[in-house]
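# Examining the three-dimensional arrangement
Below, each chain spelled out in residue letters.
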Amino acid sequence: MSIEVTNLSFSYGSREILRDLTFSIPDGTLVNVLGPNGVGKSTLFRCILGLDPGYTGHIAVNGKDLRRLSIRERAREISYIPQSHAPVYDYEVVDVVLMATGNDLKMLATPGPAQLERAHEALARIGIEHLAHRTYTQISGGEQQLVLIARALAQNARTIIMDEPTSALDYGNTMRVLSCVRQLAREGLSIVQSTHNPDHAFLYSDATMVLAEGRLAAFGNPHEVITSKLISELYDLEVEVNSLYGDKVRVCVPVREIERS
Ligand SMILES: Nc1ncnc2c1ncn2[C@@H]1O[C@H](COP(=O)(O)OP(=O)(O)OP(=O)(O)O)[C@@H](O)[C@H]1O
């Protein structure tokens, strides 16, 4: 089991954000987390990453109690791709990826040929080896996102957490990044990503987790979880889920907009 969360609650001061969440994410699963702005998706990720240690309950990553892992041990189990970011790396792309390979080095040791090979392998795996010697701050937002995925891969962790990985991307890059992420899950990695687009959950997830008012409102197969009723209530908007291509794919439509036109 990649991630096991039991009775997780978390508060900022007296404000409870997450209330009694219990769920398990098996290996090789792509999970999309849906929920309105401010519901606690990033907070949940921060707890699982060990960045908000003040939670109650129990979190195990790849069978290991999160509280017992050092920062270095956590980095071996789980990698993180943050929400859209201001690029700070004025380095070559390959060096940005190389930085993630340090978790298996001794203290103060510098990366060597093995780590460099791993960085190039990760770039090749994501199909962006041609960017290796470009300056990170001078490539596009979509390319930067792909570099961050390569960086997460080079970290060699079995579990990847992605906080709205496509929020800054155009349509083409969004689909390319999500498709790449799905392929990685098929190869055995566990990936948990937040999204604001339920259509993406239909297209690119094995399971959908829905957070509402601090609680786990639903978790399971996207076709069973994402219903017109749930999405309408979640976003306070009249939405109808429609089926396309013999129900191979479903899409959400805000019906009021159609009635007006
Ligand atoms: N450091 C903090 N101190 C106090 N409150 C915080 C802090 N960080 C986040 N919050 C609050 O906790 C709640 C959950 O925030 P969080 O960022 O987890 O939501 P989210 O679901 O990821 O939102 P979004 O979809 O907008 O990114 C919000 O109401 C937010 O204002």
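The sections below set out a description of the structure shown in this document. (Residues numbered from 1 in each chain as written. Predicted model: local features only at pLDDT ≥ 70, side-chain atom pairs only at ≥ 80, totals over all residues. Heavy atoms only, no water.)

### With respect to the nonpolar core
Considering soluble globular proteins, one finds that nonpolar side chains tend to be buried as a cluster. Note the following rule: To qualify as a nonpolar core, a set must consist of buried Ala, Val, Leu, Ile, Met, Phe, Trp, Tyr and Cys residues joined through side-chain atoms within 4.5 Å. Only protein chains enter the area calculation, which uses a 1.4 Å probe; residues under 20% of their type maximum are buried, those over 50% are exposed, and those in between are partly exposed. Each helix is a run of DSSP H or I of at least 4 residues and each strand a run of E of at least 2, with the numbering of both proceeding from the N terminus. The criterion used for residue contact is that any of the two residues' heavy atoms lie within 4.5 Å.
In this structure, I126 and I191 are the most contacted members of the largest nonpolar core, which totals 37 residues. Only α3 (93-98), α4 (113-126), α5 (141-154), β7 (159-162) and α6 (171-186) provide two or more residues apiece to this core. Counting residues per element, this core draws most heavily on α5, at eight residues. Non-local contacts of I126, meaning those with residues more than four positions away in its chain, are made with L146, I149, A150, L153, C180 and L184. In this structure, L8, L44, I48 and L211 belong to the second largest nonpolar core, which totals 27 residues.

### Structural notes on the side chain of S190
Keep this limit in mind: Under this definition, polar contacts are N or O atom pairs within 3.5 Å; protein pairs additionally need one hydrogen-donor-capable and one acceptor-capable atom, and for neighbouring residues in sequence, both atoms have to be side-chain atoms.
By the secondary structure assignment, S190 is in strand β8 (residues 190-194). Judged by its relative accessible area of 1%, S190 is buried. Among the polar contacts made by the side chain of S190, one reaches the side chain of S2 at a distance of 3.3 Å. With residues up to four places along the chain from it excluded, the contact list for S190 reads S2, P26, D27, G28, T29, R158, T159 and I160.

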